Structure formats: structure tokens, C-alpha cells
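What follows is the residue order along each chain.
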Amino acid sequence: MIAVFKREFLSYFRSPVGYIAIALFSFLSGYIFVNNFATGAVNIASEVISLRSFFVVIVPIITMGLFAEDKKRGTEILYYTSPIDLFSVVAGKFLAAFCLYGIMFVNVFIHMIVTKSCDGIVDIGAWGSVIVFFFLAMLFISIGIFASAITDSQIIAAIFSFIMIMVIQLLSTISSLAGNAIAAFLSMLGVASESSNSVGEAITNGINWLDPFAKTSDFRYGSFSVAPLVFCISFAIVFLFLTFRVLEKKRWAKS
Amino acid sequence: MSKDKKNTKSAVTDNRQKTLKLYSVGTIVILLVIVVAANILFDSILGKYLTFDFSLSNQNSISNETQDYLDSLSADTNIRVVGLMDRPTELNNTPLRYIVPLLDDYATKSGGKVTVEYVNPETYPSIRQELDREGQYDLTADTFAVCYQGKIVSISPYDCFTYDTESSSYGYYVPTANAVEYTFTNAMANLTSGFSAKAYFVTGVESDSSEQLKHILSSLGIDSADLPVSSSFTIPEDCNLIFINNPQTDIPQNVASALNNYISTGGDFIVAVNFYNNVSEQYPNLNSVLNEMNLNIDTYVVKENHPEYVLDNIGFEALVDIASNYTDFSSSSQLRSGYARPVRKYDNPYSYIKTDVVLTTSAYATAVKINEDGGQSQYENEDTYNVAMYATYEGMKDAPCCYVFGTSYFTSDEYISSYGYNDANVQFLRNCIRDITGMNNFNNLQVDSKPLDDYSFDSTKATASNASVMTVIFMIIIPLALVIAAAVVYAKRKNL
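No experiment lies behind these values; they were computed from the predicted model shown.

Draft legend 1. Region of interest: the overall build of chain B. Within chain B one finds twelve helices and 22 strands. Relative to the 2.2 N^0.38 estimate, which gives 23 Å for 496 residues, the radius of gyration of chain B is 33 Å and therefore markedly larger than a compact globule would have. Reported as C-alpha extents along the three principal axes, the dimensions of chain B are approximately 135 × 65 × 40 Å. Counting the 496 residues in chain B, one finds 49% classified as buried. Here the contacts in chain B between residues at least 6 apart in sequence split such that 71% fall between residues at least 24 apart.

The following block contains the structure:
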């Protein structure tokens, strides 16, 4: 796993991908920080929360090539023919992408230092947002890796992970739309208003339960909860396992 | 034979693939079921125990005072808090960011005595009827209803904060303190204690707004309403307390007569005046009412000369001492006063009235007269002046009581919004109200408001030139350096 991790991590810096991803992240975080700085009040938690919206762009960039690139070069055969555990391959690639995220995040740590040096406040809410940021990064990177494993094309992998992350980011909107639509449909069928509303609400709540952003929203206010972190980790494991199964399937097919 | 062998091998391979496919799908389904079930169980069983509030001033947690109050309630108590809205998902930059997590904490830590739910009255119109069968309360959407045994207190999210009065006069609402817990706990305590009272504010005498004071009364379970002066001025029968809060002009004669009748039937009142609003007003009618309680306010302004008491450079703003009988009313031994008129005992006192000094200056204060040309002349020699006094009838059941403040530094919106609900003056006023209404017999809960997060930094460092430097470093130099590095790497490795 360490060998895979080293190879993947260094490959980010042997191609423009790593630099471009970090440059994009630096620019976006810098833009948010500078805008806050100009108002005389910097809330690092708000900056980190805003940066989460860019997962949808940055995660596909750094994960699209993790498996698709190997397929393009034909080097993926090595994973299937060498006596290594495929889960180690998946975990190594995942760690490499995660570490790149960590390096990107150095920008925000610099912003924290600047804020402190201007007698600003880096409170517990800021640290809560940072924790959530990394746990969400885990979840989304695992989705990106899965997207990269199911297709030979980097572009399709990027589009797939973009759509998946976008859907997750819009879950709260989707849930209320779906709830209202079902309630309206049931009302149209003649179901009593309160019953149809209850069904609609149950559907809204059910979809909302899957929303990691809603689950982790209190961290920025300094209210830390273990359950949302367990949610992120467990679903990250699910996607890594799915990736592992996709590779296993290909290994059988090759044999 | 060879064909049969091939077919057999193919069949074995197909079976193997089918088995592996089944195994693959099976493991994925099992993992998904385990993950979803584990998350649901973890969330419902351990979730609330593994939630920690590390926020500044524990913004999202109830205080020990509230916890003690909840613990003191009997196990079968059911206080229902209903948010008349869908449960908010986006809390950022809304007052709800301080309300929703705190209400969740009430529900978690009350052991079932407080339940919190969100019901949108547009989706469920019957909720209003369910909560308020007789339609007595104003249950508008986007407010919270605290319900207990058929009684309801309606709370608007915007009422859970104190605001800077100066900014709000320009149309900006800048919150200065978080009073969410203060508002909700007091609402619950008032409902469960059974205490209720009604206060009336005499208006129409160019008095300042009393919105902050009304919030304080509301948190104490006292409803309030305005009582405008008019030729047919009467004091309603349900009145438990009258406020005359910083009038700039004197009350009319008929109002003074109505107040005198009110006093004779045991009515309580609180008067606050100051010198700043109207330096020449002598309040003869108001004084005629106060004289009935052996009190009088003078037309002078108190000037403090003791350097340890003075708060401004002219001595009109100063600290005042709390008289020994009232030290329990505040955690501080001294309070702020400003532009105070002296409050003194009436020259021809009635023997059956007992007066008490409440707040006093140092022994080095003087009373100053402001001349028509704006100059000052000293009226009396250095002495101790009273800034607030109390009076009641001696030996009488349900006797009238009054507090008279010569300064607006206890009751004005400007002061309360500037210093917040936790300020010692405000705390003192609250206890005066508790004392005069007899509320202490029902509930003596003291919940503080909480300071809000302030992310502003040293204004000398938030300059335009510093912002420009930050822009250049964070938005140009760092990203550009990385793009150049990407270009160099690409150029060097494109042919590999």
C-alpha cells in the first residue's frame, strides 16, 4: 500500500494535475479570505464552509486519473497479475489523493496564522469546520476513486464524480422537492392532505438523512458530534469497497 | 469428446462467474445494510451522548441554571416547544443558528420534559387549532410556541437577541448578545410557575421607546401594553404595574389624578426620569403623584466629584452605590448612572409611608443647575444624593409600592441595548421588578444572555493597503507560482 501511495502521490507532482489543483484551491481560498479581510472580520469557519462547495470541481480533477490513467497506459494489468491485495491498491490511491487535499489545505492554515497575527479569532468553530472538511474530503475522494474505477475514460470519470458530488450537495433541495412532489401526487390521488404531507415529510427526512452537509453543519458553531463523522467514514468505506469489487471483477475477467 | 470437455469447462466457468457475481453483489448489499443500520443505531443510541459543545460561552448548550430548573421539574412535566416552520436546514447567517442547536440541547438534557418539534402551519394548518383551541395566542409562522398545560408563550427568533440601538435607528440590526436561552428558559419557567402579570407603559409624554424593557418584562412572564395619555385616561383593572419611562414632558393633570386613585387602591409603579432629555422640565404633576408616596424628583443634575466614582470627564456619568437593603439585587456593589436627577424624600412626609434609599452617590457629589445660557451653577454643597428610592405604605396588606429612578441608565432602550441583559444595572432592574410584583415567590431563575461571536480584528491592521497585499499574495503570487510550476513540469515531461 505504501508503494502505491508513494507512486500515486509523487505522480501528482510529476504531472501538472497536482499543481493546477493546488493553484485552483489557493486562488479560491485566497479570494474568500481576502474578501473577508477587507471587511475587517475574518471567520475561518465560513471560509472553510465556502471551500466545501468547490469539492465538486477539485475532487474530480484529482481523482479522475487514479484508475482511468492506468487503464489508458495499460499499466493496470500489473495490479491484477502481481501478488498484491487489490484493497491495498485502492487504499494507497485513496491516501495519495487525501494527502494532496491536505497539502492544498495548507493555504487555509496560512490564513489562520494571518488572522491570529491581526488579533482575529480562530475559534473552535473554525477547527470544527476543518475536521468536517477532511471527513467530507474522505467521502468525496472515495466517490471520485469509484468513478475512476468504473470507466476507462478520465473525462467520463470526472463527469460521473462531478454529478455524484453535485447531487449530494443538492440533497437538501432535492429532498424538499421530492417530498413536496410526492405529497402533491398523493393529494391528487385523493389521499387526505395531512396523510400525504406526512408521507412527503417522511420522504424529505429520509433523503435528508443521507445529506452529510446537513449532518455536519453544527461543527462550525462549535458543536461536535461523533455520529456525522462515523457516517462519512462508513460511506467512504462503502465506496472504497465498491471500487475494490470493481477491480476484483476485472481481475476475474482477466483470468 | 473434446467438444464435450470444452462445454463442461465453459459450464464450470459460467457457474464460477455466477457464484463470484453473487458473492460480489451479496457482500456489497450486506455491507450497505450493515453501514446504514450501524449509522441509524449509532445516531439514535449514542448520538446524543457523543455530542459536545465547545462553542464560545457554550452558545449551543443550556447553562447549569437551566439544567437545575429542568431537573427541579417533576418527571411527568411536558413542555412542548413547537417551531412553526419546517425544521431549518440552512442556519448560516440566520438567528436560527443559535436557536435550533440550543433547542435540541433542551430536548436532549431535559429527560423528556421538553420536546421540540417543527411543524409548518402552511403544510399542517391544524397545528394552530391543536395548540391554541380558543385562538387566544398569536401563532404566526416562523415563530416558536412554548406550550404547557394549555398556556402558550410565542417567541419570535428576532426577540432572542439584543440589538445595538444606534445602528437600528439607521435601519441596521446589529445583534449585541444572544438571549436565546434567557428567553426560552424564562418562558418555560413562567409557564410552569403559574406566575402572570400585566404592566402598562404610560405613553404620549414624549417618552423614549421601551422595547428592550418590554422584552425584559416578557422574559419575566409579564405582559405589557401601552397606555397613552388622553382626556379619558383610565388605568385598566388588569394592571399590576405602571411604568413611566423617561418622559420628556410632564404627565397631564387627569393622568396624575388617575395614578393617585391607582395608588390608593394599592397599585404599584416604577418611574424613571433623567436630566438629559429635558433640562428645564420640573414635572409638577408627576411630583404630585410621587409626593403621595413621600418622594420627589428635583430639577437639577447630579454631578459626581469623587475621582473613583466619575466615569466621564465632567462627572455627570458616574458609579453609584447600592444601599445595604438592596445589595442582593445585583452581583456588583456599584452601578452606572448618568445625567441623574436627585430623588429625595418629600418635604411634608406622611407618617404611614416608609421610604428607602436604593442608590446613592458618593459623599462628594453636588447638584448642579443648568442655566438658560447652558452654563452650570452649583446648587448645593457636596453631599450624598439619592439616585433611586423606594416607597411603600407601612403595615398595610397589598400596599402600593414604587421605585423611582432619577436616571435612565436602568430602563432606557439605549442603555439596555448597549450593555445587554447581563449588565449589572439591568440585573438590578429585573430584581426591582421581581420585588415589586412579588414574582420572587414564584420563580427566581437568573439566566444570563451570552456574548455573540465577534470575528473582527485589529482595525489598524484591516487597512486597504494590507488588504491589497493579501490580494497580491494569496490570489496572484501563490496561484501563479503553482501554475508556472505546472507549466514547467508539463514542458519537461510531455515527451516522456
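Draft legend 2. The arrangement of the overall build of chain A in detail. Helix and strand counts for chain A stand at 14 helices and one strand. For chain A, the spread of C-alpha atoms along the three principal axes comes to 60 × 60 × 30 Å. Residue burial in chain A is summarised as follows: out of 255 residues, 55% are buried. Only carbon and sulfur atoms are counted for the fraction: they give 73% of the accessible area of chain A, which is about 10000 Å².

Draft legend 3. Region of the structure containing the packing of helix α8 (residues 106-117) of chain A against helix α12 (residues 464-493) of chain B. At a minimum axis distance of 13 Å, the contact between α8(A) and α12(B) shows a crossing angle of 170°. Classified by the angle their axes make, α8(A) and α12(B) are roughly antiparallel. Regarding α8(A) and α12(B), the two cross each other, and that crossing is right-handed. Contact residues: α8(A) offers A:Asn107, A:Ile110, A:His111 and A:Val114, while α12(B) offers B:Met470, B:Phe474 and B:Ile478. Classifying every residue of the contact of α8(A) with α12(B) by side-chain character gives five nonpolar, two polar and no charged.

Draft legend 4. Layout of the packing of aromatic side chains. All names here are of chain A. For the coordinates displayed, the defined rule picks out 42 aromatic pairs over all chains. Between phenylalanine 105 and phenylalanine 133, the aromatic rings sit 4.7 Å apart at their centres with planes inclined by 40°, giving tilted as the arrangement. With phenylalanine 105 in the loop between α7 (86-104) and α8 and phenylalanine 133 in helix α9 (residues 124-149), the pair connects residues that are 28 residues apart, well separated along the chain. Like phenylalanine 105, the residue phenylalanine 133 is buried in the burial classification. Ring pairing ties together the aromatic residues Phe25, Phe55, Phe94, Phe98, Tyr101, Phe105, Phe109, Trp127, Phe133, Phe134, Phe140 and Phe213, which thus form one cluster. Stacked on the ring of phenylalanine 67, the Lys or Arg lysine 93 has its end atom at 4.8 Å from the ring centre.

Draft legend 5. Spatial organisation of the packing of helix α11 (residues 171-188) of chain A against helix α12 (residues 193-209) of chain A. Residue and element names in this part refer to chain A. Orientation of α11 relative to α12, taken along the N-to-C sense of each, is 160°, at an axis distance of 8 Å. As summarised for this structure, α11 and α12 are arranged roughly antiparallel, according to the angle between their axes. With respect to the hand of their crossing, α11 and α12 are arranged in right-handed fashion. Contacts between α11 and α12 involve Leu171, Ser172, Ser175, Ser176, Ala178, Gly179, Ile182, Ala183, Leu186 and Ser187 from the former and Ser196, Asn197, Val199, Gly200, Ile203, Thr204, Ile207 and Asn208 from the latter. Here the residues of the contact of α11 with α12 sort into eight nonpolar, ten polar and no charged.

Draft legend 6. Main features of the domain arrangement of chain A. All names here are of chain A. Looking at chain A, the domain boundaries give domain 1 (2-168 + 225-254) and domain 2 (170-210). The C-alpha-based centres of domain 1 and domain 2 are spaced at 33 Å. Each partner contributes residues to the interface: domain 1 has four residues there, and domain 2 has five residues. Buried surface at the junction of domain 1 and domain 2, summed over both partners, amounts to about 440 Å²; 69% is from carbon and sulfur atoms. If you sort the residues of domain 1 by the area they bury against domain 2, Val167, Ile168 and Phe231 come out on top, with a joint share of 73%. Counting across the interface, domain 1 meets domain 2 through zero salt bridges. Between the two partners, domain 1 and domain 2, sit five residue pairs in polar contact (both at pLDDT 80 or more). With three residues, helix α10 (residues 154-169) is the single largest residue contributor to the side of domain 1 that touches domain 2.

Draft legend 7. Region of the structure containing the domain arrangement of chain B. All names here are of chain B. Once the domains are mapped, chain B shows domain 1 (15-50), domain 2 (51-194 + 436-455) and domain 3 (196-419). Taking the mean C-alpha position of each, domain 2 and domain 3 sit 32 Å from one another. At the interface, 13 residues of domain 2 touch 19 residues of domain 3. For the domain 2 and domain 3 pair, buried surface summed over both sides reaches about 1200 Å², with 57% attributable to carbon and sulfur atoms. Linking domain 2 to domain 3 there are zero salt bridges. Our enumeration of links across domain 2 and domain 3 arrives at three residue pairs in polar contact (both at pLDDT 80 or more). Every element with two or more residues in the side of domain 2 that touches domain 3 is listed here: β6 (161-163), α6 (180-193) and α11 (424-437). Among the elements that make up the side of domain 2 that touches domain 3, the one with the highest residue count is α6 (three residues). Classifying every residue of the side of domain 2 that touches domain 3 gives four nonpolar, seven polar and two charged.

Draft legend 8. Main features of the sheet that holds strand β3 (residues 114-118) of chain B. Residue and element names in this part refer to chain B. Read across the open sheet, the four strands follow the order β3-β2-β4-β5; overall the sheet is mixed. Looking at strand neighbours, the two that pair on one side only are β3 and β5 (151-155), the edges of this open sheet. Sheet twist, expressed as the mean angle between neighbouring strand axes with direction ignored, is 20°. Judged from the four bridges that link them, strand β2 (residues 79-83) and strand β4 (residues 144-148) form a sheet pairing that is antiparallel.

Draft legend 9. Spatial organisation of the environment of B:Asp453. Inspection of the secondary structure puts B:Asp453 in the loop between β22 (450-451) and α12. Remark: the alpha-carbon pair of B:Asp453 and B:Tyr419, spanning 34 residues in sequence, is separated by 16 Å.

Draft legend 10. Structural view of the nonpolar core. Grouped together as the largest cluster of nonpolar side chains are 85 residues, with contacts concentrated most on A:Phe37, A:Phe55, A:Tyr101 and A:Phe140. Residue contributions to this core peak at 16 residues, all from α9(A). Core analysis: the second largest hydrophobic core is formed by 82 residues, B:Ile62, B:Met188, B:Tyr390 and B:Ile436 among them.

Draft legend 11. Seen up close, unusual backbone geometry. All names here are of chain B. Here aspartate 142, not a glycine, exhibits a phi torsion of approximately 70°, which is positive. Looking at the secondary structure, you find aspartate 142 in the loop between α4 (126-131) and β4. Even without glycine at this site, asparagine 294 takes up a positive phi of about 65°. Considering the arrangement of structural elements, one finds asparagine 294 in the loop between α9 (284-291) and β12 (295-297).

What counts, and at which threshold
Residues numbered from 1 in each chain as written. Chains lettered and ligands numbered in written order. Predicted model: local features only at pLDDT ≥ 70, side-chain atom pairs only at ≥ 80, totals over all residues. Heavy atoms only, no water. Helix = DSSP H or I, 4+ residues; strand = E, 2+ residues; numbered from the N terminus. Rg over C-alpha atoms; globule rule 2.2 N^0.38 Å. Buried < 20%, exposed > 50% of the residue type's maximum accessible area, 1.4 Å probe, protein only. Contact = heavy atoms within 4.5 Å. Areas by Shrake-Rupley, 256 points an atom, 1.4 Å probe, with all protein chains shown as cover. Axes fitted to C-alpha atoms, helices over the stretch in contact; angles between N-to-C directions. Parallel < 35°, antiparallel > 145°, perpendicular 65-115°, else oblique. Left-handed = near helix turned anticlockwise from the far one by under 90°. Nonpolar A, V, L, I, M, F, W, Y, C, P; charged D, E, K, R; others polar. Phe/Tyr/Trp six-rings, centres within 6.5 Å; stacked < 30°, edge-to-face > 60°. Lys NZ or Arg CZ within 6 Å of the ring centre and 35° of its normal. Domains from an automatic or database assignment. Buried area = accessible area lost by both parts, 1.4 Å probe. Salt bridge = Lys/Arg side-chain N within 4 Å of Asp/Glu carboxyl O. Polar contact = N/O pair within 3.5 Å; in protein donor to acceptor, adjacent residues only side chain to side chain. Pairing = 2+ DSSP bridges. Core = buried A, V, L, I, M, F, W, Y, C linked by side-chain atoms within 4.5 Å.

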